[in-house]
Amino acid sequence: MPQYSWLEAIEVTDEMLQQTDTRLPVIWISALDCTGCKEAFTRSFEPSTLDTMLNFISLEYSELLSAAGGYQVEEHKETILEKYKGQYVLAVEGGIPGSDEFLMIAGKSVREEIIHAAKHAKAVIAFGSCSAWGGISAAGLNPTHSADIRSIVPEDVPVALVPGCPPIPEVIIGTLLHVHFHGELPELDKKLRPKKFYQTTVHLTCHRKPFFDQKLFAESYDDEGARKGYCLFKLGCKGPTAFNSCEALGLDRCISAGFTCIGCSEKGFWDKGSFTGKKKK
Ligand code: SF4
């Protein structure tokens, strides 16, 4: 059962949802990414991405999602940055490469483009563990010297981190809608994450926790315990140390599908062997 609804999480009332006269301009720039966060953005059910885009958010630029491409869309981005100075949200996906040579968009350095767009943003939101923490591109030897978004955003621009690989679609949309309805980022925790969505571990809100409390564990993915929905702790579940709201929002994510939480919202999860599914003795 969900612990709270997305409406409660972003303090939006039904009456507020009737106000559809303005939309929040959003510029979405991708750095070293896999496009998974954008895909997640398109897959929110409640609130639906379609409703959100038709009524509350105007996605003005995305290399992947914009209908136009090339010169036209680059020119449009510049127009929006100028026209909505101080009013648009800059969404950034992907690790930030350590030098200009690693990623160019439309012949321009993505680092420079993000710095340029961040200067007059109302807020910058890092979607995904790559832009929030460095992510996969910063894992291991980090050949591209990738870093997180805070390495390049000016200090006077408000920044929120929405980690996850990918982040929860409803959390992506919910964070944007909070800015739209309240004119500012939601309350953030010490790590700059929206507090409401990252306030507890997956474990504390997990629907399998009653089995954990009774010490009833699956020992393999196809044993009797797994079939009965027992706790996945012994299969390497990272839920006890992962702060995210998959279970709190009652969403069908990894644990509901019968797989362990891999702690994808935590810093350095790629380097922590989260995908090895190591069994706990
Ligand atoms: Fe905790 Fe994971 Fe077990 Fe859920 S499945 S109760 S998150 S250890």
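Residues numbered from 1 in each chain as written. Predicted model: local features only at pLDDT ≥ 70, side-chain atom pairs only at ≥ 80, totals over all residues. Heavy atoms only, no water.

1. Things to note about the pairing of strand 6 (residues 123–127)
1) Next: Taken across its five residues, strand 6 has five buried, putting it largely inside the fold.
2) Next: Judged by which residues are buried, strand 6 turns out to be covered on both faces: A123, I125 and F127 on one side and V124 and A126 on the other are all buried.
3) Next: When strand 3 (residues 89–93) meets strand 6, the two strands line up parallel, connected through five bridges. Counted as the bridge partner of V92 is A126 from strand 6.
4) Next: Relative to strand 7 (residues 159–162), strand 6 runs parallel, the two sharing four bridges. Each residue of the ladder has a partner; that of A126, found in strand 7, is L161. (Buried < 20%, exposed > 50% of the residue type's maximum accessible area, 1.4 Å probe, protein only. Helix = DSSP H or I, 4+ residues; strand = E, 2+ residues; numbered from the N terminus. Pairing = 2+ DSSP bridges.)

2. Quick word on unusual backbone geometry
1) Next: In this chain, E46 is followed by P47 through a cis amide linkage whose omega measures 0°.
2) Next: Here P47 lies in the loop between helix 3 (36–41) and helix 4 (49–55).
3) Next: The omega angle of the peptide bond from C165 to P166 is 0°, so this bond is cis rather than trans.
4) Next: At L192, a residue that is not glycine, the phi angle is positive and equals roughly 70°.
5) Next: Looking at the secondary structure, you find L192 in the loop between helix 8 (169–182) and helix 9 (195–198).
6) Next: For K215, which is not a glycine, the phi torsion comes out positive at approximately 60°.
7) Next: Relative to the assigned elements, K215 resides in the loop between helix 11 (209–213) and helix 12 (224–227).

3. Comments concerning the packing of aromatic side chains
1) Next: As enumerated under the stated definition, the model contains nine aromatic pairs in all.
2) Next: With a centroid separation of 6.2 Å and 45° between ring planes, the pair formed by F217 and F233 is classed as tilted. Residue F217 is found in the loop between helix 11 and helix 12, and its partner F233 is found in the segment after helix 12; the two are separated by 16 residues along the sequence.
3) Next: For F217, a relative accessible area of 17% puts it in the buried group.
4) Next: Ring centres of F269 and W270 lie 5.1 Å apart, and the angle between their planes is 40°; on these two criteria the pair is classed as tilted.
5) Next: Taking the relative accessible area as the measure of exposure, F269 reaches 2% and is therefore buried.
6) Next: For W270, a relative accessible area of 30% gives the class partly exposed.
7) Next: Taken together through their ring pairs, the aromatic side chains of W28, F41 and F127 make up a single cluster.
8) Next: The residue whose ring lies beneath K77 is Y61, and the NZ or CZ to ring-centre distance is 4.4 Å. (Phe/Tyr/Trp six-rings, centres within 6.5 Å; stacked < 30°, edge-to-face > 60°. Lys NZ or Arg CZ within 6 Å of the ring centre and 35° of its normal.)

4. Considering the environment of T35
1) Next: Mapped onto the elements of the fold, T35 is located in the loop between strand 1 (24–30) and helix 3.
2) Next: Separated by 29 residues in the primary sequence, T35 and L64 have C-alpha atoms spaced 8.0 Å apart.

5. Side note on the sheet that holds strand 1
1) Next: Sheet architecture is open: five strands sit in the order 2-1-3-6-7, paired in parallel fashion. This sheet does not close on itself; its edge strands, each paired only once, are strand 2 (57–62) and strand 7. For this sheet, the mean inter-axis angle between neighbouring strands, taken without regard to orientation, is 25°.
2) Next: Judged from the five bridges that link them, strand 1 and strand 2 form a sheet pairing that is parallel. Residue pairing across strands places P25 opposite S58, the latter belonging to strand 2. (Axes fitted to C-alpha atoms, helices over the stretch in contact; angles between N-to-C directions.)

6. Digging into the domain arrangement of the chain
1) Next: What the domain assignment lists for the chain is domain 1 (6–197) and domain 2 (200–281).
2) Next: Here the C-alpha centre of domain 2 lies 28 Å away from the C-alpha centre of domain 1.
3) Next: At the junction of the two partners, domain 1 supplies 18 residues and domain 2 supplies 14 residues.
4) Next: At the junction of domain 1 with domain 2, the criterion picks out one salt bridge.
5) Next: The interface formed by domain 1 and domain 2 includes five residue pairs in polar contact (both at pLDDT 80 or more).
6) Next: Listed by contribution, the elements that provide at least two residues to the side of domain 1 that touches domain 2 are helix 7 (129–133) and helix 8. (Domains from an automatic or database assignment. Contact = heavy atoms within 4.5 Å. Salt bridge = Lys/Arg side-chain N within 4 Å of Asp/Glu carboxyl O. Polar contact = N/O pair within 3.5 Å; in protein donor to acceptor, adjacent residues only side chain to side chain.)

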